[in-house]
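Fold and contact review
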Amino acid sequence: QVRLVESGGGLVQAGGSLRLSCAASGFSVRINAMAWYRQAPGKQRELVARVSQFGVGDYADYVKGRFTIARDNAKNTVYLQMNSLRPEDTAVYYCNSQTNYVSWGQGTQVTVSS
């Protein structure tokens, strides 16, 4: 079954850190460009970070220096390490492939308090 399951979100104080996980089933993250997205209430889903098939990360300007995307091929899992979190980072975070169509998962809620 092709599936994405996000986890690791929660409530954190501004300046804190979270590590999000995206467990993929039915396809290999190693041969896919993978990305993290987020969607805040009343806003469109936006691209946060991506990692290429070669393991090269790329980031939205507002998370550069704070977030790191990585993959563990053995676990077929993509991670988003989020440091120095800000209230404006509050959103539901989703992962997905940028190479093949995969249905969206349920996402994981990140809430950053002031």
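Residues numbered from 1 in each chain as written. Predicted model: local features only at pLDDT ≥ 70, side-chain atom pairs only at ≥ 80, totals over all residues. Heavy atoms only, no water.

Re the sheet that holds strand E3 (residues 18–25)
Strand order across the open sheet formed by 4 strands is E1-E3-E8-E7, with antiparallel pairing between neighbours. Edge positions in the sheet fall to strand E1 (3–7) and strand E7 (67–72), since each has one partner strand and no second. Neighbour to neighbour, the strand axes of the sheet diverge by 15° on average, direction disregarded. Strand direction decides the pairing type here: E1 and E3, joined by 5 bridges, are antiparallel. (Pairing = 2+ DSSP bridges. Helix = DSSP H or I, 4+ residues; strand = E, 2+ residues; numbered from the N terminus. Axes fitted to C-alpha atoms, helices over the stretch in contact; angles between N-to-C directions.)

Digging into the environment of Lys43
Its place among the elements puts Lys43 in the loop between strand E4 (34–39) and strand E5 (46–51). Assessed through its relative accessible area of 57%, Lys43 is described here as exposed. As for Lys43 and Ala91, which are separated by 48 residues in sequence, their C-alpha atoms are 9.6 Å apart. (Buried < 20%, exposed > 50% of the residue type's maximum accessible area, 1.4 Å probe, protein only.)

Observations concerning the environment of Leu85
Note that Leu85 resides in the loop between strand E8 (77–82) and strand E9 (91–97). Exposure remark for Leu85: the relative accessible area of 2% places this residue in the buried category. Each C-alpha atom, one on Leu85 and one on Arg66, is 7.7 Å from the other, the two residues being 19 residues apart in sequence. What Leu85 contacts, discounting residues up to four positions off in sequence, is Val12, Ala14, Gly15, Gly16, Ser17, Leu18, Arg66, Phe67 and Val112. (Contact = heavy atoms within 4.5 Å.)

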